[in-house]
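# Structure at a glance
What follows is the residue order along each chain.
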Amino acid sequence: MNDTDSFGKGGDANGLRSNQENGFSNLSSLAQSEKAVQEFLIQQTPMQANDDHLIEFSEALRTVAKALRGSSEGKALAQAEAAEWKRRYELERCKNLELLLKAPSNGVCADESNSNGMMDHSAKSPRLHVQENGNSLERICAHEVLQDCEPNSPNGCNNKLKRKASFKLSWGCKGQTNDQHKKEIVSFESGNITTPDRSSKQISLTWESSPQTVIIFTKPNSTSVRVLSVEMVRWLRDHKGLNVYVEPRVKAELLSESSSFDFVQTWEDDKEISLLHPKVDLVITLGGDGTVLWAASMFKGPVPPIVPFSMGSLGFMTPFHSEQYRDCLESVLRGPLSITLRHRLQCHIIRDKARHDYETEETMLVLNEVTIDRGISSYLTNLECYCDNSFVTCVQGDGLILSTTSGSTAYSLAAGGSMVHPQVPGILFTPICPHSLSFRPLILPDHVTVRVQVPFNSRGSAWVSFDGKGRKQLEAGDALVCSMAPWPVSTACQVESTHDFLRSIHDGLHWNQRKIQSSDGPQ
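For clarity, every value in this text was computed on a predicted model and none was experimentally measured. (Residues numbered from 1 in each chain as written. Predicted model: local features only at pLDDT ≥ 70, side-chain atom pairs only at ≥ 80, totals over all residues. Heavy atoms only, no water.)

### Thoughts on the overall build of the protein
As a reminder of what qualifies: Only DSSP runs of H or I with at least four residues qualify as helices, and only runs of E with at least two residues qualify as strands; both kinds are numbered from the N terminus onward. We call a residue buried when its accessible area falls under 20% of the maximum for its residue type, exposed when it is over 50%, and partly exposed in between, using a 1.4 Å probe and counting protein chains only. Here a residue-residue contact requires only that any non-hydrogen atoms of the pair lie within 4.5 Å. In these tables, accessible area is a Shrake-Rupley quantity obtained with a 1.4 Å probe, and a residue counts as shielded only by the protein chains included in the view.
The number of helices and strands found in the protein is ten helices and 25 strands. Classification of the 523 residues of the protein by burial places 38% in the buried group. Sequence separation of at least 24 residues holds for 63% of the intrachain contacts in the protein that already meet a minimum separation of 6. In the form shown here, the protein has an accessible surface area of approximately 31400 Å², with 51% of it arising from carbon and sulfur atoms.

### A few points about the packing of helix α4 (residues 223–238) against helix α5 (residues 248–257)
Our working rule: Every axis corresponds to a line fitted to the C-alpha atoms, with the helix fit spanning only the stretch in contact, and the corresponding angles, defined between N-to-C directions, vary from 0 to 180 degrees. Should an angle fall under 35 degrees it is taken as roughly parallel, and over 145 as roughly antiparallel, whereas 65 to 115 is taken as roughly perpendicular and any remaining angle as oblique. Amino acids are sorted into nonpolar (Ala, Val, Leu, Ile, Met, Phe, Trp, Tyr, Cys and Pro), charged (Asp, Glu, Lys and Arg) and polar (every other residue, Gly among them).
Direction vectors running N to C along α4 and α5 enclose 80 degrees, while the axes themselves pass 11 Å from each other. Taken together, the axis directions place α4 and α5 in an arrangement best described as roughly perpendicular. Facing R226, V230 and V233 of α4, the residues of α5 in contact are E253, L254, S256 and E257. Looking at the contact of α4 with α5, its residues break down into three nonpolar, one polar and three charged.

### With respect to the side chain of S461
We apply this condition: Definition of a polar contact: a pair of N or O atoms within 3.5 Å, with one able to donate and the other able to accept a hydrogen when the atoms are protein atoms, and with sequence-neighbouring residues admitted only if both atoms are side-chain atoms.
Position of S461 relative to the elements: it lies in the loop between β21 (450–453) and β22 (462–466). A distance of 2.8 Å separates the side chain of S461 from the side chain of Q473, its partner in a polar contact. Excluding its chain neighbours within four sequence positions, the residues that come into contact with S461 are R374, Q473, L474 and E475.

### Thoughts on the environment of F217
Here F217 shows up in strand β8 (residues 213–218). Given a relative accessible area of 0%, F217 falls into the buried group. Considering only alpha carbons, one finds F217 and A295, 78 residues apart in sequence, at a separation of 6.4 Å. Excluding residues that lie within four positions of it along the chain, F217 makes contacts with E247, W267, V283, I284, T285, L286, T291, W294, A295, M298 and F299.

### Looking at unusual backbone geometry
With omega at -10 degrees, the peptide bond leading from G335 into P336 counts as cis. Secondary-structure assignment places P336 in the loop between α8 (325–334) and β13 (337–342). Of note in the backbone geometry, N512 takes a positive phi value of approximately 55 degrees without being a glycine. Taking the relative accessible area as the measure of exposure, N512 reaches 66% and is therefore exposed.

### A closer look at the packing of aromatic side chains
Stated precisely, the cut-off is as follows: Aromatic pairing here means that ring centres of Phe, Tyr or Trp (its six-membered ring) are within 6.5 Å. Orientation follows from the plane angle: under 30 degrees is stacked, over 60 is edge-to-face, and everything else is tilted.
On inspection of all chains with the given rule, the structure shows six aromatic pairs. Between W235 and Y325, the ring centres sit 6.0 Å apart and the planes meet at 85 degrees, which makes this aromatic pair edge-to-face. You can see W235 sitting in helix α4 and its partner Y325 sitting in helix α8, a full 90 residues away along the chain. With a relative accessible area of 5%, W235 lands in the buried category.

### Re the pairing of strand β16 (residues 369–373)
The line we're drawing: Strands qualify as paired when DSSP identifies two bridges or more between them.
Within β16, five of the five residues are buried, leaving the element largely enclosed by the surrounding structure. Bridging between β16 and strand β18 (residues 390–403) involves five bridges; their strand directions are antiparallel. By the bridge assignment, D373 is partnered in β18 with G399. In this structure, β16 lies alongside β22, joined through four bridges in antiparallel fashion. Within β22, the residue paired with T371 across the bridge is S465.

### Description of a negative patch on the surface
Just so we agree on the cut-off: Exposure above 30% relative accessible area and the lack of any salt bridge qualify a residue for a patch; like charges then connect within 9 Å, and the nonpolar side chains Val, Leu, Ile, Met, Phe, Trp and Tyr within 5 Å. The working definition used for a salt bridge is a side-chain nitrogen of Lys or Arg within 4 Å of a carboxyl oxygen of Asp or Glu. A positive count includes Lys and Arg, and a negative count includes Asp and Glu. His and the chain ends are not counted in either. Positions of charges follow a simple convention, taking NZ of Lys, CZ of Arg, CG of Asp or CD of Glu.
Together, E268, D269, D270 and E272 make up a region of like negative charge exposed at the surface. Assessed through its relative accessible area of 65%, D270 is described here as exposed.

### Brief notes about the nonpolar core
Basically, it comes down to this: Buried residues of nine kinds, namely Ala, Val, Leu, Ile, Met, Phe, Trp, Tyr and Cys, make up a nonpolar core once their side-chain atoms join them within 4.5 Å.
Among the nonpolar cores identified, the biggest contains 32 residues, and I216, M232, L236, L286, F309 and L329 are the most heavily contacted of them. Of all the elements in the fold, those that place two or more residues in this core are β8, α4, β9 (243–246), α5, β10 (282–287), β11 (306–310), α8 and β13. Examining the composition of this core, we find that seven residues originate from one element, α4, more than from any other. Aside from chain neighbours lying at most four places away, what touches L236 is V214, I216, G241, L242, V244, I284 and L329.

### A short note on the pattern of salt bridges
By the definition in use, this model includes 13 salt bridges. In this structure, the salt-bridge partner of E84 is R87, at a minimum N-O distance of 2.4 Å. Note that E84 and R87 are positioned in helix α3 (residues 52–102) at a spacing of three residues, about one turn of the helix. Taking the shortest distance from any N to any O, the salt bridge between R351 and D478 comes out at 2.9 Å. With a gap of 127 residues between them, R351 in the loop between β14 (345–350) and β15 (364–366) and D478 in the loop between β23 (469–474) and β24 (479–484) connect regions that are remote in the sequence. Comparing R351 with D478 shows no difference in burial state: the two are buried. By sharing partners, the salt bridges in this structure join E84, R87 and R88 into a single network.

### Examining a nonpolar patch on the surface
On the surface, L314, L509 and W511 cluster together into a nonpolar patch covering about 280 Å² of accessible area. Overall, L314 belongs to the partly exposed group, its relative accessible area being 49%.

### Some words on the side chain of S490
The topology assignment puts S490 in strand β25 (residues 489–492). Given a relative accessible area of 7%, S490 falls into the buried group. Setting aside residues up to four positions removed in sequence, S490 forms contacts with V303, P304, P305, I306, I339, T340 and L341.

### Concerning the packing of α4 against α8
Selection rule: Should the near helix be turned anticlockwise from the far one by less than a right angle, the crossing is termed left-handed; should it be turned clockwise, right-handed.
Taken N-terminus to C-terminus, the directions of α4 and α8 make an angle of 40 degrees; their axes are 12 Å apart at the nearest point. In terms of orientation, α4 and α8 fall into the oblique class. Relative to α8, α4 is oriented so that their crossing is right-handed. Where α4 approaches α8, its residues L228, E231, M232, W235 and L236 are matched on the opposing element by Y325, R326, L329 and E330.

### Details of helix α10 (residues 497–509)
One turn of the α-helix equals 3.6 residues, which is why residues spaced by three or four share an orientation. To keep things clear, this is the line we draw: Given the number of residues in a helix, its expected span is that number minus one, multiplied by 1.5 Å. Directions drawn from the helix axis to the C-beta atoms are what define this arc.
The end-to-end C-alpha distance of α10 is 18 Å, a good match for the 18 Å that 13 residues give at a rise of 1.5 Å each. Among the residues of α10, those classed as buried are S497, D500, F501, S504, I505 and G508. Mapping the buried residues of α10 onto a view down its axis gives an arc of 130 degrees, with all of them on the same face. Where α10 is buried, its residues touch β13. Looking at where α10 begins, the residue whose side-chain oxygen comes 3.1 Å from the main-chain nitrogen of T498 is E496. Following α10 by one or two positions, H510 adopts a phi angle in the positive range, close to 55 degrees.

Structure (structure tokens):
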């Protein structure tokens with residue numbers, strides 16, 4: 001194939017001729033070799049000709065000569081075919097270059113037409129280098145080339161080309177256009193859908209004005225938490241000049257320590273709690289994950305950023321150490337700080353006695369999970385599950401867990417669910433001890449609405465709890481409706497979201513920790 005490497009103008013015919021001559025020279029040399037073998041065999045004496053070994057030897061020589069001749073013929077044919085294909089390629093390339101020079105300036109590709117005026121769709125579209133604003137852009141034309149037919153044309157068709165059909169994307173919700181859950185998908189005129197670069201999606205919070213008010217939630221019945229809260233409240237007031245809110249219980253504890261804590265503010269009833277968000281710039285928790293859940297439940301709408309200090313057991317959501325609370329708070333108040341957006345579920349119960357779906361009970365917000373179980377009943381739960389009015393399955397077992405990705409390391413993990421990064425949007429659908437060998441957990445997209453209903457033929461009722469609290473009974477015909485809440489909980493990161501998540505499952509669960517295999521085994 002080396003003879004076909006270099007081609008110029010008119011060089012394709014010379015290359016073809018050279019390849020053919022090489023093949024014919026090989027054939028002539030082989031013919032001479034075969035003739036020499038035959039002459040050698042004729043010149044042998046009769047005694048030698050009668051020798052069996054010489055006969056076998058002569059037959060072997062003839063076989064070798066025939067094989068060499070066939071190989072040489074095949075090589076010559078292959079070289080000739082390759083030269084012909086390369087000649088055709090060079091001709092096609094020259095024609096494409098001529099078409100490129102005649103192409104319009106807007107970047108639309110023109111292709112070659114044959115003698116009958118029909119378009120050649122088999123050839124690949126050429127690449128164009130188009131100058132736009134002084135920059136060289138490389139484009140490639142679509143393979144689908146369309147034709148316009150004109151009644152006045154002699155052949156009924158002309159060679160006018162069109163671009164691929166353009167389209168746009170829209171996000172609908174129950175048949176209505178809704179951009180609430182719009183994703184970062186880009187539509188191009190050429191009909192290609194791409195997503196943007198996802199090299200970094202870490203969320204950073206930067207203060208445009210200095211925080212003025214903080215609220216502190218503490219773990220109850222803990223001496224170490226009580227001592228730290230006294231020290232932290234005084235430091236925030238004396239060194240940072242911040243207004244401090246605490247729970248009524250904590251304020252009573254502070255006043256029992258010293259009457260100088262009368263500057264600490266609190267609330268009197270639930271109505272004042274609903275007015276906390278416009279007043280509070282930052283939330284501080286002293287405890288474990290349960291304290292973070294309690295703090296998030298105090299805000300029925302938007303939640304201020306939370307700085308969680310680890311003073312509990314596992315601490316999947318509490319990356320900061322209480323010993324360095326001053327340095328941590330200095331960094332947080334100065335900003336910027338990395339945060340993790342933890343999605344919440346909004347849930348409400350529709351009773352069978354309600355005449356309309358609008359007659360529902362109070363909406364509950366959960367940060368970890370909502371659990372439906374059989375309670376004290378000895379029967380299996382029987383739950384019909386729907387996803388956006390599409391039937392999912394019928395759960396027969398101890399119950400069902402609908403969890404956020406932040407709650408994937410809680411009850412859902414104990415029931416066999418997967419651990420999911422907290423910033424992955426989704427709803428975990430995890431059965432509790434299902435009476436089935438094929439019932440595996442699911443992860444549903446964040447935009448769906450999940451409906452769990454107790455059928456009328458159920459042997460017993462079910463019970464539902466929200467983040468382990470607010471336990472309510474579900475009778476036959478009652479339904480629980482869950483969807484993603486529009487108000488996530490933002491928690492501050494010690495390093496960044498992924499690092500804190502991996503550290504929590506390593507330190508809290510000892511995930512995949514075992515002794516390293518010895519290196520002195522068999523090689």
